[in-house]
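Residue-level structural notes
Okay, here's what each chain looks like letter by letter:
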Protein chains: 2
Amino acid sequence: MPEHDAAATARMVEQEGCPIVEVLDHVAGKWAIGIIVAAAPGPVRFTELERAVDGISRRMLTLTLRRLERDGLLTRTVYPTVPPKVEYSLTDMACELHASLLELTSWAERHRMAIARARAAYDVAHSAAG
Amino acid sequence: MPEHDAAATARMVEQEGCPIVEVLDHVAGKWAIGIIVAAAPGPVRFTELERAVDGISRRMLTLTLRRLERDGLLTRTVYPTVPPKVEYSLTDMACELHASLLELTSWAERHRMAIARARAAYDVAHSAAG
DNA sequence: CTGCATCCCAGGCGATACTG
DNA sequence: CAGTATCGCCTGGGATGCAG
């Protein structure tokens with residue numbers, strides 16, 4: 001069981017909220033970005049996310065989903081049907097975030113080539129002249 | 001020695017660049033955001049960054065700096081004085097990124113309380129009704 | 001001042017298998 | 001379908017100490 005430290009959590013609320021690094025780490029984390037972007041258009045099911053977020057494992061999808069839910073960025077709706085159906089939606093807070101995240105992914109898309117080239121150049125320079 | 005795999009790097013360049021998840025992971029990583037934001041106003045020295053990026057260790061600062069330099073986001077200028085002086089500046093690519101990152105940190109700042117509260121609520125709900 | 005090297009551990013994360 | 005459980009590797013990342 002995870003069983004988050006309730007005392008520590010309470011302390012945060014009383015004080016000034018979560019440290020920004022931590023918030024950013026959750027919200028802009030490796031998988032979180034993809035999930036939030038994928039969930040933005042509307043309610044999304046587990047398996048849809050699994051396919052949308054390229055490269056994610058079932059485990060990390062679950063974990064990241066839980067963390068985002070805990071942080072109040074996602075709402076999880078369970079339909080007690082058979083087979084089960086679960087939908088994830090962004091909260092208002094997360095919708096606001098979504099715009100920034102889109103800019104980010106857009107930037108990444110535009111510069112992935114340049115970055116690959118920069119790396120190659122760096123590697124050459126640092127293998128020749130150790 | 002790290003000695004990045006030159007073959008793999010070359011393959012990336014020929015093909016389509018770096019996978020977006022990887023780019024985002026570097027660029028929006030836990031420490032990278034703070035560093036880029038701190039370096040945006042102008043050339044910044046190592047120790048300034050160490051103080052600016054709250055909570056970072058000397059080790060992680062160095063590692064993240066190197067990675068950002070390798071990815072072509074930072075330029076590193078060494079002044080051969082004594083004691084040594086090194087300045088880091090954003091590249092054009094990174095300046096473009098900086099705006100998005102600012103939005104992100106601004107969002108984090110605005111919502112840290114709400115997130116702390118959401119967590120507390122989640123924890124209560126999930127410890128009582130396991 | 002600006003690092004790199006080393007030790008070391010907790011946690012991230014993938015792989016795989018099992019369940020309601 | 002939508003998870004949970006377990007194992008095990010590997011990396012992130014702190015602490016400390018040395019060097020140019």
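Below: a short report on this structure. This structure is a prediction, so every number in the text was calculated from the model and none was measured. (Residues numbered from 1 in each chain as written. Chains lettered and ligands numbered in written order. Predicted model: local features only at pLDDT ≥ 70, side-chain atom pairs only at ≥ 80, totals over all residues. Heavy atoms only, no water.)

**Focus on the protein's contact with DNA strand C**
Taken together, 18 residues are adjacent to DNA strand C, and A:Arg59, B:Thr47, B:Thr62, B:Arg76 and B:Tyr88 come closest. Considering DNA strand C, the proportion of its atoms within 4 Å of the protein that are sugar or phosphate atoms stands at 69%. Between DNA strand C and A:Arg59, the relevant distance is 3.1 Å, taken from a base nitrogen to a side-chain nitrogen or oxygen of the residue. Side-chain polar atom of B:Arg58 to a base nitrogen of DNA strand C: 3.4 Å apart, as the coordinates give it. Among the elements of the structure, helix H5 (58–70) of chain A together with helix H4 (46–52), helix H5 (58–70) and strand S3 (85–90) of chain B are those that each provide at least two residues to the surface near DNA strand C. For the surface near DNA strand C, the element with the highest residue contribution is H5(B), accounting for four residues. (Near = heavy atom within 4 Å. Polar contact = N/O pair within 3.5 Å; in protein donor to acceptor, adjacent residues only side chain to side chain. Helix = DSSP H or I, 4+ residues; strand = E, 2+ residues; numbered from the N terminus.)

**Comments concerning the interface of chain B and chain A**
Accessible area lost during the coming together of the parts is what is often quoted as the interface size. Taken together, the contact pairs 53 residues of chain B with 53 residues of chain A. Regarding the contact of chain B and chain A, the summed buried area is about 5,000 Å², with carbon and sulfur atoms giving 66% of it. On the chain B side of the interface with chain A, the three residues burying the most area are B:Trp107, B:Arg112 and B:Arg119, jointly 15% of the side's total. Linking chain B with chain A are eight salt bridges, by the criterion used here. Salt-bridge contacts for A:Asp71 lead to B:Arg119; the nearest nitrogen and oxygen are separated by 2.7 Å. Run the count over chain B and chain A and you get 20 residue pairs in polar contact (both at pLDDT 80 or more). Secondary-structure elements contributing two or more residues to the side of chain B that touches chain A are helix H1 (6–14), helix H2 (20–27), H5 and helix H6 (92–128) of chain B. Top contributing element to the side of chain B that touches chain A by residue count: H6(B), with 25 residues. Looking at the side of chain B that touches chain A, its residues break down into 26 nonpolar, ten polar and 17 charged. (Contact = heavy atoms within 4.5 Å. Buried area = accessible area lost by both parts, 1.4 Å probe. Salt bridge = Lys/Arg side-chain N within 4 Å of Asp/Glu carboxyl O. Nonpolar A, V, L, I, M, F, W, Y, C, P; charged D, E, K, R; others polar.)

In short, geometric facts, not functional conclusions.
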